[in-house]
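Architecture at a glance
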Amino acid sequence: MRYFPAMAHDQRQAANMRWLGAAQLVEVVRSEPGITRAAAAQRLGIGSGGATELVARMRQALLLDETPAPAQGRGRPTTVLGPHARGPLVLAADLRATDWRLALAGIDGVPKVVTQADYAAEQLGPVLGQLADAIGRIYRRNAKRLRAIAVAVAGTVSDAKLVQFTSRGWNDVDLSVLAAKIPDRAGIPLLLGNDATLAGLAEARSGAARSAATALCLIVAQGIGGALIVNGEPLNGAHGAAGEYGHIPFGDQALDCPCGSRGCWDLTVDGRALARHRGDAPPEDPVAYVHDLNAHAGRDGATRRAFEAVATSLGRGVGGLVNLHDPEVVTLGGVASLLRANAAKAFDDAYREGLMAFRKDAPPPVRDAQHGEDGPLHGAVARALDHITSAAGLADWVERQRV
Ligand SMILES: [Zn+2]
């Protein structure tokens, strides 16, 4: 990271120390949106005088603002803390199999989609060019405020490369091109992540796994992915490519996977698996296929059996992963919750059967994810905000306001 290249090391450390309390306050505001100043002071264990001074300093730095809180009982009037109208912004991108979306968020972490487009290109190059142009336009409109970009990709990301975009058969694509229209001097980092990992991060920070110290967050779209989140952070692996749950051999050993391996779980837990069990051709859009089948009430025996087979594979795998990771809670995102809902008994039986005996009495709850389709965007926002709301990130923001 290049914060204040012109500053000496000890000056930089002093600046970071100065913004430590501010970073802690931002963390409280992020984890409890709409919190009052009085409650935030209590969380931080500081007195009301200290809180007043800290908030005033952060208002002046365009980081936080306050609005009067609705009167409650006989207590002294207080204020609600929120992002400053001219405060820092992050840009989150969600690159999916057939479309992309861009959303802006302030330090309250709520993404607002600002532009989106479908694409049908055979090559990824033009799509990335289009996305880079859109990112450049948003940067120019918010040049003083935009401080980080995070991209969620529906594929395997390793370092700065998209190594596998299964749904389109694209491999080894350099994603740093997405920041091509942003000048280096802006010092804006481009953070990349797998969509399932980021959706898991979102569930752990502000969704169905909130407050769990160890959470396993799974998501089914085309195939299954996810993340193990420990104390609010995903286990990323050495190259950021961990969490490829779909490529554990929990599937049918007779099936070759496009990833290069065999028997992958991916192939038995999604719309492609449902189609195979029903004798249909592989669906163009496996997610839409699940939604279609789900919408058809009064289904035939073949469809019911297909849902049971897929829910069984899902449940058995979740049991195995619980044995592996010992999470407090498991969340199911994407169409996984629909797959379970259509064959709840098959899922539960397989889940329990897959658990080691000593876990069967009190298995961790398996909850539906809360962020739905927006999980990757929420996760990308969280990742970008982590970067800019550290003490060093806040000190950098303040320094740039002066220039
Ligand atoms: Zn595979």
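In this report, we go over the structure that sits alongside the text. Keep in mind it's a predicted model, so treat the numbers as computed, not measured.

Regarding the sheet that holds strand 8 (residues 161–165)
Taken in spatial order, the three strands line up as 7-8-9 in an open sheet, and their pairing is antiparallel. Pairing within the sheet leaves two strands with one partner each, and these edge strands are strand 7 (156–158) and strand 9 (170–174). Averaged over all pairs of adjacent strands, the angle between strand axes in this sheet comes to 20 degrees, irrespective of strand direction. Alignment of strand 7 against strand 8, held across three bridges, turns out to be antiparallel.

Section: helix 2 (residues 20–31)
With 12 residues, helix 2 should cover 16 Å at 1.5 Å per step; its first-to-last C-alpha distance of 17 Å lies within 8% of that length. Of all the positions in helix 2, only Ala22, Ala23, Leu25, Val26, Val28, Val29 and Arg30 are classed as buried.

Considering the environment of Val220
Tracing the sequence through the fold places Val220 in strand 11 (residues 214–221). Sequence spacing of Val220 and Asp270 is 50 residues, and the spatial spacing of their C-alpha atoms is 6.5 Å. Once you skip the residues sitting within four places of it in the chain, Val220 turns out to touch Val269, Asp270, Leu314, Gly333, Gly334, Val335, Ala336 and Leu339.

Digging into the environment of Asn194
Structurally, Asn194 can be placed in strand 10 (residues 190–194). Here the alpha-carbon distance between Asn194 and Gly225, two residues 31 residues apart in the chain, equals 8.8 Å. Every residue in contact with Asn194, bar those within four places of it in the chain, is listed here: Val153, Gly155, Thr156, Val157 and Glu244. Here Gly155 takes part through its backbone oxygen, which lies 2.6 Å from a polar atom of the side chain of Asn194.

Remarks on the nonpolar core
Formed by 50 residues in total, the largest nonpolar core has its most connected members in Trp19, Leu25, Met58, Leu63, Val90 and Leu394. Excluding its chain neighbours within four sequence positions, the residues that come into contact with Leu394 are Trp19, Ala22, Ala23, Val26, Leu63, Ile388 and Thr389. In this structure, Val310, Val335, Ala346 and Phe347 belong to the second largest nonpolar core, which totals 34 residues.

Notes on the sheet that holds strand 15 (residues 366–368)
Note: strands within a sheet are paired through backbone hydrogen bonds, in either parallel or antiparallel orientation. Spatial strand order, 13-12-11-14-15: five strands in an open sheet with mixed pairing. Of all strands in the sheet, those bounded by a partner on one side alone are strand 13 (233–234) and strand 15. Note: strand 14 (residues 329–334) against strand 15, three bridges, orientation parallel. Across the sheet, the residue bridging to Thr331 is Arg367, located in strand 15.

Let's talk about the coordination of the zinc ion
At this site the zinc ion is bound by His247 (ND1), Cys257 (SG), Cys259 (SG) and Cys264 (SG), with donor distances of 1.9 to 2.3 Å. In this structure, the zinc ion is surrounded by four donor atoms whose angles at the metal cover 103 to 115 degrees, and the resulting shape is tetrahedral. If you list the donors of the zinc ion from N- to C-terminus, the spacing comes out as H-x9-C-x1-C-x4-C. Linking His247 in the loop between strand 13 and helix 7 (271–278) with Cys257 in the loop between strand 13 and helix 7, this pair joins segments that are 10 residues apart in sequence. In this structure Cys257 comes out as buried when scored by relative accessible area, which is 7%.

A short note on empty space enclosed by the protein
With the rule as written, the count across this model stands at two cavities of 30 Å³ or more. As for the largest cavity, its lining consists of 13 residues, and the residues nearest its centre are Ala199, Glu203, Ile219, Gly333 and Ala369. For the lining of the largest cavity, the elements supplying multiple residues, two or more each, are helix 6 (195–206), strand 11 and strand 14. Tallying contributions element by element places helix 6 first for the lining of the largest cavity, with four residues. For the lining of the largest cavity, the residue count by class is six nonpolar, six polar and one charged. Considering only enclosed or pocket space, the second largest cavity measures out at about 40 Å³ in volume. Every residue lining the second largest cavity is listed: Leu25, Arg37, Ala40, Ala41, Leu44, Ile46, Ala51, Leu54, Val55 and Leu81.

So, how was this worked out
Residues numbered from 1 in each chain as written. Predicted model: local features only at pLDDT ≥ 70, side-chain atom pairs only at ≥ 80, totals over all residues. Heavy atoms only, no water. Pairing = 2+ DSSP bridges. Helix = DSSP H or I, 4+ residues; strand = E, 2+ residues; numbered from the N terminus. Axes fitted to C-alpha atoms, helices over the stretch in contact; angles between N-to-C directions. Expected span 1.5 Å × (residues − 1). Buried < 20%, exposed > 50% of the residue type's maximum accessible area, 1.4 Å probe, protein only. Contact = heavy atoms within 4.5 Å. Polar contact = N/O pair within 3.5 Å; in protein donor to acceptor, adjacent residues only side chain to side chain. Core = buried A, V, L, I, M, F, W, Y, C linked by side-chain atoms within 4.5 Å. Donors = N, O, S within 2.8 Å, 3.2 Å for Na, K, Ca; no water. Tetrahedral: all angles 85-135°; square planar, octahedral: opposite > 155°, others 65-115°. 1 Å grid on protein atoms, 1.4 Å probe; cavity = no way out; pocket = protein on both sides within 12 Å on 5 of 7 lines; lining within 4 Å. Points joined across faces, edges and corners; volume = space filled by probe spheres on them. Nonpolar A, V, L, I, M, F, W, Y, C, P; charged D, E, K, R; others polar.

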